[in-house]
Amino acid sequence: MAIRAWGLAVIRPELARALMHWREVFAAIATGAFGLWVASLGGLLLQPVGGAIALLGLGWAIIAFRRTRFARPVEDPGVVEFDEGQIGYFGAGQGLGGYIALDDLTEIRLLTLRGRKHWRLKSREGGAIVIPVAAAGAVALYDAFATLPDVDMGALTVALEHDIPAQSLWIRPQPKSPVGA
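Because the structure is predicted, anything quoted here is derived from the model rather than measured.

## Some remarks on the pattern of salt bridges
Okay, so step 1: Under the criterion given, the structure shown has 8 salt bridges.
Okay, so step 2: Arg67 is paired through a salt bridge with Asp143; the nearest N and O atoms lie 2.8 Å apart. Of this pair, Arg67 sits in helix 3 (residues 46-70) while Asp143 sits in helix 4 (residues 140-146), and the two are 76 residues apart along the sequence.
Okay, so step 3: Asp143 gets classed as partly exposed once you look at its relative accessible area, which sits at 33%.
Okay, so step 4: Measuring nitrogen to oxygen at the nearest pair gives 3.9 Å for the salt bridge that ties Arg120 to Glu107. Of this pair, Arg120 sits in strand 7 (residues 116-123) while Glu107 sits in strand 6 (residues 105-113), and the two are 13 residues apart along the sequence.
Okay, so step 5: What makes Arg120 partly exposed here is its relative accessible area of 23%.
Okay, so step 6: Connected through salt bridges with shared partners, the residues Glu24, Arg67 and Asp143 form a single ionic network.

## Thoughts on the packing of aromatic side chains
Okay, so step 1: By the definition in use, this model includes 4 aromatic pairs.
Okay, so step 2: Ring centres 5.7 Å apart and planes at 85° place the aromatic pair Phe90 and Tyr99 in the edge-to-face group.
Okay, so step 3: Judged by its relative accessible area of 39%, Phe90 is partly exposed.

## What about the sheet that holds strand 5 (residues 97-101)?
Okay, so step 1: Taking strand neighbours across the sheet as the criterion, the 3 strands line up as 3-4-5 in an open arrangement whose pairing is antiparallel. Single-partner strands in this sheet number two, and they are strand 3 (79-83) and strand 5. Averaged over all pairs of adjacent strands, the angle between strand axes in this sheet comes to 10°, irrespective of strand direction.
Okay, so step 2: Of the strand pairs in this sheet, strand 3 and strand 4 (residues 86-90) are connected by 5 bridges, and their pairing is antiparallel. Across the sheet, residue Val80 finds its bridge partner in strand 4, namely Tyr89.

## Quick look at unusual backbone geometry
Okay, so step 1: For Glu84, which is not a glycine, the phi torsion comes out positive at approximately 55°.
Okay, so step 2: Tracing the sequence through the fold places Glu84 in the loop between strand 3 and strand 4.
Okay, so step 3: Given the relative accessible area of 73%, Glu84 is considered exposed.
Okay, so step 4: For Asp150, which is not a glycine, the phi torsion comes out positive at approximately 60°.

Reading the values: rules and limits
Residues numbered from 1 in each chain as written. Predicted model: local features only at pLDDT ≥ 70, side-chain atom pairs only at ≥ 80, totals over all residues. Heavy atoms only, no water. Salt bridge = Lys/Arg side-chain N within 4 Å of Asp/Glu carboxyl O. Helix = DSSP H or I, 4+ residues; strand = E, 2+ residues; numbered from the N terminus. Buried < 20%, exposed > 50% of the residue type's maximum accessible area, 1.4 Å probe, protein only. Phe/Tyr/Trp six-rings, centres within 6.5 Å; stacked < 30°, edge-to-face > 60°. Pairing = 2+ DSSP bridges. Axes fitted to C-alpha atoms, helices over the stretch in contact; angles between N-to-C directions.

Spelled out as structure tokens, the structure:
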């Protein structure tokens, strides 16, 4: 079965899904290409402006590529939301889910439970919420995690690709005490 796009062409559903999945990366690459084109027009104004646009596109492409690799098809129950500095997970049944503020987050672990990957987010008080990687809206966790101090987003993205039963990926750094205190 094919999908009609704007009544002009027929696109296979698999291709349409792939294009939608990578659309932010394509937009970032197009921005970088536009910047290179502007820089190629020459001149004291257009070269630096075009170079800045190209660098912006490159930076955006790197982040978009990581975010796209972080995203998974929705296959697990529940909904994730990131709002006002809080991560919320609304699990399906049995009281699963909850909220955790980013300021209270002390550890991020990636677990494999019953063959499915889950984020385990631990709070200062010792409580934790477990969020399926493939829950609806889980891609918002990329932006939430990116705001944490000393987090390595590349390591989090790569960890999703490997089958390790449990691994700690981030622990909140301890505040440095003043010298002589």
